[in-house]
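Structure at a glance
Here is what each chain is made of, one letter per residue.
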There are 2 protein chains.
Amino acid sequence: MSDLHGLAAARLRADGQRYTANRRAVLETLAAAERPPSIPQLLAARPDLAASSLYRNLAVLERAGIVHRIVTNDEFARFELAEDLTGHHHHRICTTCGAVDDFTLSTRLEAELERALGRVASRSGFKANGHRLDLVGTCARCS
Amino acid sequence: MSDLHGLAAARLRADGQRYTANRRAVLETLAAAERPPSIPQLLAARPDLAASSLYRNLAVLERAGIVHRIVTNDEFARFELAEDLTGHHHHRICTTCGAVDDFTLSTRLEAELERALGRVASRSGFKANGHRLDLVGTCARCS
DNA sequence: ATGAGTGCAAAGGCTTTGCATTAGG
DNA sequence: CCTAATGCAAAGCCTTTGCACTCAT
């Protein structure tokens, strides 16, 4: 995690962007979070940060491949560090409270899935970038 | 598809709702669509339909289990008929143009996935409602 | 008849943009 | 230095709500 900063700086530089204090703050908040926070949660965690800057920075960090936007059925998006910084995983999404947390599948099943999806993609001229597998339901606290 | 209307009427009635001309129109547009339309697309297809009614009706139809809201990384939600009317399937999502279309997996892989996800859910006290598996990338037209 | 559904317009709320100022490299 | 980044305020835009009218049953 100590070279999260180095990595982020490098990727931003590659994209012609600077690694500023605000961006560092966003990444640290994400790295420290138990669960992917929404924008309101990020704003609450960093009251000093202007909303417009947060929106702009999340967009920049997403384009640079450092953070990833999770879209749930919840009203706002949530953000996490990119998969290559945290490892491939999936999300358990609670439709009642909107909470998101992570789980993984066996590498065997994951590989099989990857093969099947590769076939689906090539069959249709689709260029796959990755997949998204979420478990949707009600978390322990909400049921 | 002819008893889409009968089914919809029944489910709405069960929810204390009426099956009106607007709701019929929305379902017919969804049934006729090649790909899940967004709200702007639905409005364009039905210029006579007030935006507020469309929003209200989509919410009603979703609660009654007749339509399903698909959330992509795209800016607006897309809608399709519920899975029990069309069969279980997954989505190929183009991150460039936002288009969504369907694919299916072998029943074998699907069953295996279901088992694995069942284990993941029970292990954490999560009550699974279903899963969502999407292939994310660039469609043939956009690449 | 009678309450749900509809349409229009206005309000709401998250997100984006303009612009002058600050700070990164 | 010189440009990107920031913050504030204003504008945008999708979505929701209020209210009087209409239609389904």
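Residues numbered from 1 in each chain as written. Chains lettered and ligands numbered in written order. Predicted model: local features only at pLDDT ≥ 70, side-chain atom pairs only at ≥ 80, totals over all residues. Heavy atoms only, no water.

The next point concerns the sheet that holds strand E4 (residues 100–103) of chain B. On the basis of which strands lie adjacent, the open sheet formed by six strands has the order E4(A)-E3(A)-E5(A)-E5(B)-E3(B)-E4(B) and mixed pairing. Bordering the open sheet on either side are strand E4 (100–103) of chain A together with E4 of chain B, each of which pairs with just one other strand. Along the sheet, successive strands turn relative to each other by an average axial angle of 30 degrees, direction set aside. Across four bridges, strand E3 (residues 90–94) of chain B lies against strand E5 (residues 127–138) of chain B in parallel orientation. Residue pairing in the sheet places B:Ile93 in a bridge with B:Val136 of E5(B). (Pairing = 2+ DSSP bridges. Helix = DSSP H or I, 4+ residues; strand = E, 2+ residues; numbered from the N terminus. Axes fitted to C-alpha atoms, helices over the stretch in contact; angles between N-to-C directions.)

At the interface, 35 residues of chain A touch 35 residues of chain B. Taken together, the two surfaces of chain A and chain B that pack against each other cover about 3,200 Å², and 61% of this comes from carbon and sulfur. Linking chain A to chain B there are 15 residue pairs in polar contact (both at pLDDT 80 or more). Contributions of two or more residues to the side of chain A that touches chain B are made by strand E3 (90–94), helix H6 (107–123) and strand E5 (127–138) of chain A. Examining the composition of the side of chain A that touches chain B, we find that 12 residues originate from one element, E5(A), more than from any other. Class assignment for the residues of the side of chain A that touches chain B results in 18 nonpolar, 10 polar and seven charged. (Contact = heavy atoms within 4.5 Å. Buried area = accessible area lost by both parts, 1.4 Å probe. Polar contact = N/O pair within 3.5 Å; in protein donor to acceptor, adjacent residues only side chain to side chain. Nonpolar A, V, L, I, M, F, W, Y, C, P; charged D, E, K, R; others polar.)

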